Amino acid sequence: LAVTLIVVAVPEGLPMSVTLSLAVNMRRMLRTNNLVRKMHASETMGAITVICTDKTGTLTRNQMRVFETKLYGDTPDAIVDEGIAANSTAFLDADARVIGNPTEGALLLWLRDRGVDYAPLRDAARVVDQLTFTTERKFMATLVESPTEGRVLYVKGAPEIVLDRCSGFGDKEEVVRQLTAYQNMAMRTLGLAYRKTEADTCEQALSEGPLTFIGIAAISDPVRDDVPAAVGECLDAGIAVKIVTGDTPATAKEIGRQIGLWTAEDTDYNHLTGTEFAAMSDEELLGRVQALKIMSRARPLDKQRLVRLLQQCGEVVAVTGDGTNDAPALNFANVGLSMGSGTSVAKDASDITLLDDSFASIATAVMWGRSLYRNIQRFVLFQLTINFAAILICFVGAVFGTDMPLTVVQILWVNIIMDTFAAMAMASLPPNPEVMLEKPRPRNEFIITRAMARTLFTCGIIMVAVLLGMLFWWTITTGGLTVRQLTVFFSTFVFLQFWNMFNAKGFETRHSVFSCLRGCREFFLILLAIAVGQVLIVEFGGEVFRTEPLAWREWAVIIGSTSL
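Residues numbered from 1 in each chain as written. Predicted model: local features only at pLDDT ≥ 70, side-chain atom pairs only at ≥ 80, totals over all residues. Heavy atoms only, no water.

This part covers the packing of helix α2 (residues 13–30) against helix α17 (residues 359–399). Where α2 meets α17, the axes come as close as 10 Å, and the angle between the chain directions of the two elements is 155°. In terms of orientation, α2 lies roughly antiparallel with respect to α17. The element α2 and its partner α17 pack so that their crossing is right-handed. Contact with α2, carried on its side by G13, L14, S17, V18, S21, L22, N25, R28 and M29, involves A365, W368, G369, L372, I376, F379, V380 and Q383 of α17 and no other residues of that element. Partitioning the contact of α2 with α17 into residue classes produces 10 nonpolar, six polar and one charged. (Axes fitted to C-alpha atoms, helices over the stretch in contact; angles between N-to-C directions. Helix = DSSP H or I, 4+ residues; strand = E, 2+ residues; numbered from the N terminus. Parallel < 35°, antiparallel > 145°, perpendicular 65-115°, else oblique. Left-handed = near helix turned anticlockwise from the far one by under 90°. Contact = heavy atoms within 4.5 Å. Nonpolar A, V, L, I, M, F, W, Y, C, P; charged D, E, K, R; others polar.)

Counting across every chain of the model gives 30 salt bridges. Between E104 and K156 there is a salt bridge, and its shortest N-O distance comes to 3.0 Å. Of this pair, E104 sits in helix α5 (residues 102–113) while K156 sits in strand β8 (residues 150–157), and the two are 52 residues apart along the sequence. In this pair, the class of E104 matches that of K156, namely buried. Between R188 and D247 there is a salt bridge; the shortest N-O distance is 2.9 Å. Linking R188 in strand β10 (residues 188–196) with D247 in the loop between β12 (240–244) and α11 (249–258), this pair joins segments that are 59 residues apart in sequence. Taking the relative accessible area as the measure of exposure, D247 reaches 6% and is therefore buried. One salt-bridge network, in which partners are shared between bridges, spans R126, E145, R151 and D200. (Salt bridge = Lys/Arg side-chain N within 4 Å of Asp/Glu carboxyl O. Buried < 20%, exposed > 50% of the residue type's maximum accessible area, 1.4 Å probe, protein only.)

Take the environment of E548 next. Tracing the sequence through the fold places E548 in the loop between α22 (542–545) and α23 (552–563). Along the backbone, E548 and D117 are 431 residues apart, and their C-alpha atoms lie at a distance of 88 Å. Not counting residues within four places of it along the chain, the set of residues in contact with E548 comprises V483, R484, T487 and V538.

The interhelical angle for the contact between α17 and helix α20 (residues 483–505), taken along N-to-C directions, is 155°, at an axis separation of 9 Å. Considering the angle they form, α17 stands roughly antiparallel to α20. Classified by chirality, the crossing of α20 by α17 is right-handed. On α20, the residues touching R378, L381, F382, T385, I386, A389, A390 and I393 of α17 are F489, F493, Q497, N500, M501, A504 and K505. Of the residues that constitute the contact of α17 with α20, the class distribution is 10 nonpolar, three polar and two charged.

F382, W413, M426, F493, M501 and F523 are the most contacted members of the largest nonpolar core, which has 57 residues in total. When contributions to this core are tallied by element, the ones reaching two or more residues are α1 (2–9), α17, α18 (408–427), α19 (450–478), α20, α21 (521–540) and α23. Non-local contacts of F493, meaning those with residues more than four positions away in its chain, are made with I386, A389, A390, I393, L406, V414 and L467. The next biggest cluster of nonpolar side chains, apart from the first, holds 40 residues, and it includes V36, M45, I239 and I294. (Core = buried A, V, L, I, M, F, W, Y, C linked by side-chain atoms within 4.5 Å.)

The strand order β1-β17-β16-β15-β2-β12-β14-β13 describes an open sheet built from eight strands, whose pairing is mixed. Each having just a single partner strand, β1 (34–36) and β13 (271–273) make up the two edges of the open sheet. Going from strand to strand, the sheet's axes swing by 20° on average, the running direction of each strand aside. Two strands pair when backbone bridges link them, and strand β2 (residues 50–53) and β12 are joined in this way by four bridges, in the parallel orientation. Its bridge partner lying in β12, T53 is registered against I243. Along the sheet, α11 contacts β12, β13 and β14 (294–296); its crossing angle with β14, the most-contacted strand, is approximately 150°. (Pairing = 2+ DSSP bridges.)

The next point concerns the packing of aromatic side chains. Scanning all chains against the criterion turns up 11 aromatic pairs. Both rings, one in F523 and one in F524, keep their centres 5.4 Å apart while their planes meet at 90°; by these two values the pair is edge-to-face. The residues F523 and F524 share a single accessibility class, namely buried. An aromatic cluster of three or more residues is present, and its members are F495, F498, W499, F502, F523, F524 and W555. Taking the ring centre of W110 as reference, the NZ or CZ of R114 above it sits at 4.5 Å. (Phe/Tyr/Trp six-rings, centres within 6.5 Å; stacked < 30°, edge-to-face > 60°. Lys NZ or Arg CZ within 6 Å of the ring centre and 35° of its normal.)

For α2, with 18 residues, the first-to-last C-alpha span of 26 Å sits near the 26 Å given by 1.5 Å per residue. Against the buried residues of α2 lie β1, α3 (41–44), β17 (352–354), α17, α18 and α21. (Expected span 1.5 Å × (residues − 1).)

To continue, consider the pairing of strand β11 (residues 211–220). Taken residue by residue, a regular strand's side chains alternate between the two faces of the sheet. For β11, the tally of buried residues reaches eight of 10 residues, placing the bulk of the element in the interior. Pairing geometry for strand β9 (residues 166–167) and β11, over two bridges, is parallel. By the bridge assignment for β11, C166 is matched with L211. In this sheet, β11 lies alongside β10 in antiparallel orientation, the contact comprising seven bridges. Among the inter-strand pairings, R188 is bridged to a residue of β11, identified as I219.

Residue position: T197 is located in the loop between β10 and α9 (202–207). Reaching out from T197, the side chain makes a polar contact with the side chain of E208 at a distance of 2.8 Å. Apart from residues no more than four positions distant in its own chain, T197 is found in contact with L143, R151, L153, A205 and E208. (Polar contact = N/O pair within 3.5 Å; in protein donor to acceptor, adjacent residues only side chain to side chain.)

What follows concerns the side chain of T189. With respect to the helices, strands and loops of the structure, T189 is situated in strand β10. In this structure T189 comes out as buried when scored by relative accessible area, which is 6%. Polar side-chain contacts of T189 include one of 3.3 Å to the side chain of Q183. Beyond its immediate stretch of four places on either side in the chain, T189 contacts G157, P159, L179, Y182, Q183, A217 and A218.

Written out as structure tokens, the structure reads:
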């Protein structure tokens, strides 16, 4: 009896159920463009409270084209064309697709649209020295030996940085007004400048004096069509969304407005630049990071620090990133989300890779994570209800001196039902969009909620009352228990659990358990296997299972009455 009670009491199927649910979830999430690299991440996504997202490629299409250029002064076209062609690390393939940085590629496409081939210009201008773009420097410089102009330094980068290094280009306020107008239209802006020099390095050329300002290029990157709805879905689900971008404040705010994040009620308190963020202490920021919606002109280390501060506030944080510099933040976050088009370093540091780079896939991952947690709760509810009923029946039956109402072999079959079959059934349930109407669960929440405990004890007590009532009634009326009566008892017990699986499936849902017959095909097939298995055991089990065949009327009564 003690061994039987131990077998019943220990929920040894729980680890298998969790692992199986995670594995099934991983495979299904792949169909929604979420490549789960670390198994636990698919469940953690259901608990996140904050998403720190990049702008380019995640919120926008990453299909950059030059919207307009404003050239100042009388810079020759040859200088403009050579500067764009030589001061770049991007390429265009035979089909005019960009290889490399999309912003630089947009400038090469602009040259192509004007009938200028960048390749001969780049080949002719021998590179003497180059400073690649970094988030700290915010500009790129290339020193070339031009076949027509001699030695020339070309610079491009953030307009405000480039402007500070230039002189003699007219009214600076007019340029700033034009930049602001572009940025308010969510355009990415680049400043272009050059200087003829005799220096041997870019650093030397930059230190010689002011540059000559060429002009600005406004590059558009429209918001993805599905992003506003996905952001709204996350906000409704109680998840804060924060844009962390290297773009200007005006551009970042306009994108925030287009996706429904930045509203008329928001003020400068909800926005910080990377410089302001770096200048503030942790104590100052702890009271502000939760209200923060946009961080513009951000650097990769700002993102990592933001994640750390949010976690100190008790938030569960997901972070997107695609570059090598994003790896620390991706690794530090509760869930790191890399881009399918990102670097291998970012992917290795992440937990999930978004194959389509879209924010909408993040919202889908949250739905899958919450549904997974709910499925695990359903399995726990189902298993503990059986445990509760079986332990009481075996124990009370033994105390009152009756034969063991369930044999060890029968207990083994019940264990298979409540472990293996139930785990597969609950893991097979599809995600439920209704979970996105709820708030994130507290990170220290006990997996058995009050609603689960209420259902568990209500169903368990009813089952125990019915089953013990059967035993005592037979004992009183017949003076003992026959094999046939114990067979009816065994089948009644199993079919009570059969129908209880519907209770578990319908837990915390707002619709009928029969409403998704097609999407829950595996669930109903597993239930059918349990029913068929029970009938076969009773009809052919004989002495091994201590059963006798039952008439079809008895089966009808057992199945019909337990369904209530």
